[in-house]
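Reading the structure
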Number of protein chains: 2
Amino acid sequence: MADKQPTIKEIARRLNISVSTVSRALHDHSSIGLRTKMRVKELAQELNYEPNQTAIFFQQRKTFTIGVILPELAESFFSSAISGIEDVAYKNSYTVLLGQSHDDFEREKQLTESMKKHRIDGLLVSVSKNTHTYDHFKLLENAGIPVVFFDRIPTIPAIHYIACNMISGTVQAVSYLLKKGHRVIGMINGPENLFATGERTDGYIQAMQKNRLKYDPSLIVHSDLSTESNFEAMQQLINHKRKVTAVVAFNDYVAMDAMHYAALKKVEVNKDIWFVSYANLPMVHYLKYQPAASVEQFPNLQGKKATEMLLELLTKKEEEGDTSHYKIIVDSKLVVYNE
Amino acid sequence: MADKQPTIKEIARRLNISVSTVSRALHDHSSIGLRTKMRVKELAQELNYEPNQTAIFFQQRKTFTIGVILPELAESFFSSAISGIEDVAYKNSYTVLLGQSHDDFEREKQLTESMKKHRIDGLLVSVSKNTHTYDHFKLLENAGIPVVFFDRIPTIPAIHYIACNMISGTVQAVSYLLKKGHRVIGMINGPENLFATGERTDGYIQAMQKNRLKYDPSLIVHSDLSTESNFEAMQQLINHKRKVTAVVAFNDYVAMDAMHYAALKKVEVNKDIWFVSYANLPMVHYLKYQPAASVEQFPNLQGKKATEMLLELLTKKEEEGDTSHYKIIVDSKLVVYNE
DNA sequence: CATGCACCAGCAAACGTTTGCGTTATTTAT
DNA sequence: ATAAATAACGCAAACGTTTGCTGGTGCATG
């Protein structure tokens, strides 16, 4: 076992021809005679020759590998995304190098370093919650490695990104509730430093304006997304001086906690109070308390688009010069459950 | 921007010394004087030198990369597993190359090929449902690339693997139900060709024997895991000539379907009929109908252990000779929900 | 004063491929 | 027939590192 892998050299030696000829023969280069091509290919087959990719990577200064850094693989949003990423990469015979930051800024930095060393051709990243500086990404770009951000994108200019516009979905969500007759709509929003939090707020306000209703800031409460914090937020809404009959929750987990808390306080879900949330979960239908609708963020699609964007950048790069930045926004969309 | 990456050569040129000296200086080799070391390191720092890993990989015939092939990243079981894998790999400064087979045998083969070309140091794999031959893995091993199987393991000898023993958990599950007074316990099992299906059956039988009860094969029905099939299976159990008061479901999804179907048929869950399932899901607590208990399979742990095993094999390899095969079985464990 | 021994540093090969250019036959056009 | 074009292949450099071996100092030892 463990035979030495045959090399191009070996083939050349056996056939008494030069390595360059073998190489060209294997690549169907036009300057090699049909006879020799055949002989080379046959022997290659016979010896089970496989080109040494590491040698090729080295020689070509290209690895056909894209790095992916995201916060947490176990989160269903990201695992859907990576699934889409891998699919597109695979179809284009690229390979995926993986790293999770666990929302740790330092680890994110280390990962970018490590990936740079691995000479990835490009990077896909969804930044950690604690990322506050972006030099580590700039470093990659300066080294000619394009970076595409997805979903969690930094608030800096001159980057490529694809993100989901939470505003549209939020507008739809709030409008849906308004149409159902709700007038006092609460929102359990996320941590204030998150981009996605701001978008939800904007969407809420826009929807109110569109319907010529007054916006009451006290109806938007914030949670750090822990269960306790979610409970607390829900408590605030229940105790609000106005009677809140509907709640837009930051995501499904928050919604589940909120609904749970409401039930505890004898506020009946889908009777006294209604919920709309953002879809991270595939199995809302099996839940004890179901939100009436949920905003879909298309993680798989985002992953795919991001990868396509990156691959595009990789081919464009050869042609140089272009300094424009790609931005794609996919609209989120409200999915109303047929109760 | 896009400065040419400085090389060891460049440093040598600037310092008027040889490349070998620079290389050794950077590695703190004992045969280099302190003075030169300092000079080299300073300049390296200044130029922002980074060793070209692809060159090193090539030169050392080692990539510090492990491949991971699994069926479906979006499945929570596997995303937990990969999360554990990445963690251990990262801690040991290994890198993870990713591929999903989508339970497609051909794609699995292609992935192993691709990974072999990438010269991964080792492979972690959970085989696809349709994998019926294993030559593609043997090929890797013959090339000196160790393969460790996890969770979904082939039924062939002489392999390294880590798997979860479903028997123990199943015995616990059935025993639990027996202790609760149930005497007619149904089981919705999976496709018959799956290893995990057999183990569940075995566990069921063992538990019955242990309690000196007669085993009734007609109480075990099979599903292909689709919702329709799950419904059908549940129907069979409900219509069974004996009155089934408890059901062990293949996994949480199956359980959810089964419970849903039971409810539709006016068989009240956790009153007329009780469920135990296998935990793929983190949020059973939020479900409308909850199983009374669930068998934990520790995907994250399996991933970790598998990676540790692989890394161990990688270091052992240097010492050669050892042809033994590692096997680790982690026991599954029943988690009873405090209703 | 010669010998030996640390100590430092350089030379060159090697890893496996690709590719620009040069060389030799062979064919084609004039 | 002769120059010119073409076909088929080889030479050697290059990609960036590591590493075995060799060589040259300076210094203490015999």
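These figures come from a predicted structure and were not determined experimentally. (Residues numbered from 1 in each chain as written. Chains lettered and ligands numbered in written order. Predicted model: local features only at pLDDT ≥ 70, side-chain atom pairs only at ≥ 80, totals over all residues. Heavy atoms only, no water.)

A few words now on the overall build of chain A. What chain A contains, in helices and strands, is 12 helices and 12 strands. Relative to the 2.2 N^0.38 estimate, which gives 20 Å for 339 residues, the radius of gyration of chain A is 27 Å and therefore markedly larger than a compact globule would have. Projected onto the principal axes, the alpha-carbon positions of chain A cover approximately 90 × 40 × 35 Å. Out of the 339 residues in chain A, the part that is buried amounts to 53%. Within chain A, counting contacts between residues at least 6 apart in sequence, those at least 24 apart form 70% of the total. Here chain A has roughly 16000 Å² of accessible surface; of this, 50% comes from carbon and sulfur atoms. Computed over 40 positive and 39 negative side-chain charges, the inter-centroid distance for chain A is 3 Å. (Helix = DSSP H or I, 4+ residues; strand = E, 2+ residues; numbered from the N terminus. Rg over C-alpha atoms; globule rule 2.2 N^0.38 Å. Buried < 20%, exposed > 50% of the residue type's maximum accessible area, 1.4 Å probe, protein only. Contact = heavy atoms within 4.5 Å. Areas by Shrake-Rupley, 256 points an atom, 1.4 Å probe, with all protein chains shown as cover. Lys, Arg positive; Asp, Glu negative; His and termini not counted. Charge placed at Lys NZ, Arg CZ, Asp CG, Glu CD.)

Domain parsing of chain A yields domain 1 (8-51), domain 2 (63-163 + 299-330) and domain 3 (166-296). Here the C-alpha centre of domain 2 of chain A lies 38 Å away from the C-alpha centre of domain 1 of chain A. (Domains from an automatic or database assignment.)

Further remarks concern the relation of the copies chain B and chain A. Once chain B is rotated about the relating axis by 180° and shifted along it by 0.0 Å, it coincides with chain A to within an RMSD of 0.1 Å. Both copies of the chain, as the preceding transformation shows, are related through a two-fold rotation axis. Relative to the rotation axis, the C-alpha of Lys288 of chain B is the closest in chain B, positioned 1.5 Å from it. When the interface residues of chain B are mapped onto chain A, 100% of them again fall at the interface, so both copies present the same face. (Least-squares fit on C-alpha atoms with pLDDT ≥ 70 in both.)

Here we take up the protein's contact with DNA strand D. Every one of the 28 residues lining DNA strand D counts as a neighbour, but Thr21, Gly33 and Thr36 of chain A together with Arg24 and Tyr49 of chain B are closest to it. For DNA strand D, the fraction of protein-proximal atoms (within 4 Å) that sit in sugar or phosphate groups is 58%. For DNA strand D, a sugar or linking oxygen lies 3.3 Å from a polar atom in the side chain of Arg61 of chain A. Mapped by element, the contributors of at least two residues to the surface near DNA strand D are helix 2 (19-26) and helix 4 (53-60) of chain A together with helix 1 (8-15), helix 2 (19-26) and helix 4 (53-60) of chain B. Top contributing element to the surface near DNA strand D by residue count: helix 4 of chain B, with 4 residues. (Near = heavy atom within 4 Å. Polar contact = N/O pair within 3.5 Å; in protein donor to acceptor, adjacent residues only side chain to side chain.)

Turning our attention to unusual backbone geometry. Residue and element names in this part refer to chain B. Of note in the backbone geometry, Asn16 takes a positive phi value of approximately 60° without being a glycine. Tracing the backbone through its elements, the reader meets Asn16 in the loop between helix 1 and helix 2. Asn16 gets classed as exposed once you look at its relative accessible area, which sits at 73%. Positive phi, normally seen in glycine, also occurs at Asp28, with a value near 55°. Mapped onto the elements, Asp28 comes out in the loop between helix 2 and helix 3 (34-47). Taking the relative accessible area as the measure of exposure, Asp28 reaches 45% and is therefore partly exposed.

In the vicinity of DNA strand C there are 28 residues, among which Arg24 and Tyr49 of chain A together with Thr21, Gly33 and Thr36 of chain B approach most closely. Near the protein, within 4 Å, the atoms of DNA strand C are sugar or phosphate in 59% of cases. Here a phosphate oxygen of DNA strand C sits 2.7 Å away from a polar atom, N or O, in the main chain of Ile8 of chain A. The contact in question runs from a sugar or linking oxygen of DNA strand C to an N or O atom on the side chain of Arg61 of chain B, over 3.4 Å. At the level of secondary structure, the elements contributing two or more residues to the surface near DNA strand C comprise helix 1 (8-15), helix 2 and helix 4 of chain A together with helix 2 and helix 4 of chain B. A total of 4 residues in the surface near DNA strand C trace back to one element, the largest contributor, which is helix 4 of chain A. Residues belonging to the surface near DNA strand C are distributed by class as follows: 8 nonpolar, 15 polar and 5 charged. (Nonpolar A, V, L, I, M, F, W, Y, C, P; charged D, E, K, R; others polar.)

What follows is about empty space enclosed by the protein. Summed over all chains, the structure comprises 3 cavities of 30 Å³ or more. Computed from the structure, the largest cavity encloses a volume of approximately 170 Å³. Looking at the largest cavity, it is lined by 14 residues, and the ones nearest its centre are Phe57, Thr65 and His118 of chain A together with Phe57 and His118 of chain B. Sorting the residues of the lining of the largest cavity by element identifies helix 4 of chain A together with helix 4 of chain B as the ones contributing at least two each. Classifying every residue of the lining of the largest cavity gives 6 nonpolar, 8 polar and no charged. Of the volumes computed, that of the second largest cavity is approximately 60 Å³. Lining of the second largest cavity is provided by Tyr134, Phe137, Lys138, Glu141, Val147, Phe149, Ile156, Ile159 and His160 of chain A. Ranked by residues supplied to the lining of the second largest cavity, first place goes to helix 7 (residues 135-142) of chain A with 3 residues. (1 Å grid on protein atoms, 1.4 Å probe; cavity = no way out; pocket = protein on both sides within 12 Å on 5 of 7 lines; lining within 4 Å. Points joined across faces, edges and corners; volume = space filled by probe spheres on them.)

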